[in-house]
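Listed below are the residues making up each chain.
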Amino acid sequence: MRVLGIESSCDETAVACVDDGGVRSNLISSQVDLHRHFGGVVPELASRAHLSNILPVLSAALEEAGWTLDEVEAVAATAGPGLIGAVLMGLSCAKSVAWARRLPFVGVHHIEGHILANDIERPMTLPALVLVVSGGHTQTVWMEAPGRYRVLGKTRDDAAGETLDKAAKLMGLGYPGGPLIEKLAAGGRAGAISLPVGLRRRGELDFSFSGLKTAVRLRLEAMGDEVSEADRADLARALQDAVIESLVLKTAAALDALGAGRVRGLYLAGGVARNAALRDAFESLAAARRLVFTPPPPAYCTDNAAMIAWAGRHRLLAGQRDSLQLGAFARRPLSSWS
Ligand code: KG4
Ligand code: ZN
């Protein structure tokens, strides 16, 4: 089935073409340069940029796939969660195409897209535990099959990516912070600075990162105006290590809560899953628990439309269709989405 997918939940205008053989095109018009100046995404600017970019990106994605609009067999788009004005742009564009061409249409939960990014190049080993770590979300999800999810633990405050982004801003590094922290941390010493891991108590499945962000701010204040490059590298290393320690701790707690035999695969999803140290830590966790772990392809970790088209394709092949009256949502738990 040839599916056109559209993603516009945050600051990437993305369109992809997928079929039974995989991804035929996966284009992204990034707004990073537009938002960098503000140190984060400005919702109204994001919506305006989606409006300007979406049709050129759509045309280019079709061209790269070698498809005409007549050859598209179904349309999928992110219906949420995300910045609502941004979601509306991609969703209404997708619905217009579906309406004009009389095509089947499905709305996709953005988090389901991130999870199914792991399924694009090879089928996932199920049941699985998936750690979703992005700029907007941090949660452990038990996945029995595509479309069947149970959220086990989630962050009570900031998401992991948001913590890295906010800390990077405090450190004057720029935006988005995750990759900049990773680069700086590579030159830092392990254990030179110690930062707190939130909700550390045994058996606690939820995450908390707000204390970590505050600790970084206090450290920076204590360092004063003349912070050396070496100190900044040590701080970045401590921050990255604390985030990863928390992610591994809570993933292990979720595995314990599920009990033996209920998980075969372990997966990472979302933008922070690009982080090499996190991937290494998951490799070790999977080996210790005798689980199958395959890191997601980096191009499908950060926001993209291939993952949305792929998740939509799963739903379409299962016979699901959404009405063209489907609404957009800013928040909605993954477990309630069907
Ligand atoms: O999945 P994503 O593109 O957008 C959301 O749905 O939120 O994730 C973006 C997040 C940002 O917080 C960014 O800093 C983080 O992913 N990120 C990384 C890396 N690359 C992107 N964090 C750590 N290490 C990286 N290499
Ligand atoms: Zn995302």
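Residues numbered from 1 in each chain as written. Chains lettered and ligands numbered in written order. Predicted model: local features only at pLDDT ≥ 70, side-chain atom pairs only at ≥ 80, totals over all residues. Heavy atoms only, no water.

*Asks:* Any chance you could explain the packing of helix H5 (residues 160-170) against helix H8 (residues 229-258) here in plain terms?
*Replies:* Contact geometry for H5 and H8: axes closest at 11 Å, N-to-C directions at 170°. Judged by the inter-axis angle, H5 sits roughly antiparallel to H8. Facing Ala160, Thr163, Leu164 and Ala167 of H5, the residues of H8 in contact are Leu239, Val243 and Leu247. Taken together, the residues of the contact of H5 with H8 break down into six nonpolar, one polar and no charged. (Axes fitted to C-alpha atoms, helices over the stretch in contact; angles between N-to-C directions. Helix = DSSP H or I, 4+ residues; strand = E, 2+ residues; numbered from the N terminus. Parallel < 35°, antiparallel > 145°, perpendicular 65-115°, else oblique. Contact = heavy atoms within 4.5 Å. Nonpolar A, V, L, I, M, F, W, Y, C, P; charged D, E, K, R; others polar.)

*Asks:* Just checking my understanding: could you explain the sheet that holds strand E3 (residues 22-30) for this structure?
*Replies:* Backbone hydrogen bonds are what pair the strands of a sheet, in a parallel or an antiparallel way. Strand order across the open sheet formed by five strands is E3-E2-E1-E4-E5, with mixed pairing between neighbours. Either end of the sheet is taken by a strand with one partner, and the two such strands are E3 and strand E5 (105-109). Recorded for the sheet is a direction-independent mean angle of 20° between the axes of neighbouring strands. Pairing of strand E1 (residues 3-7) with strand E2 (residues 12-19), which is carried by five bridges, proceeds in the antiparallel orientation. (Pairing = 2+ DSSP bridges.)

*Asks:* In this structure, what is going on with the pairing of E1? I would like to understand it.
*Replies:* Along any regular strand the residues' side chains alternate between the sheet's two faces. With five of its five residues buried, E1 lies for the most part within the structure. Residues of E1 alternate between two faces, with Val3, Gly5 and Glu7 on one and Leu4 and Ile6 on the opposite face, all of them buried. Joining the antiparallel neighbours E1 and E2 is a turn of four residues. Note: E1 against strand E4 (residues 74-80), four bridges, orientation parallel. Paired with valine 3 across the bridge in E4 is alanine 74. (Buried < 20%, exposed > 50% of the residue type's maximum accessible area, 1.4 Å probe, protein only.)

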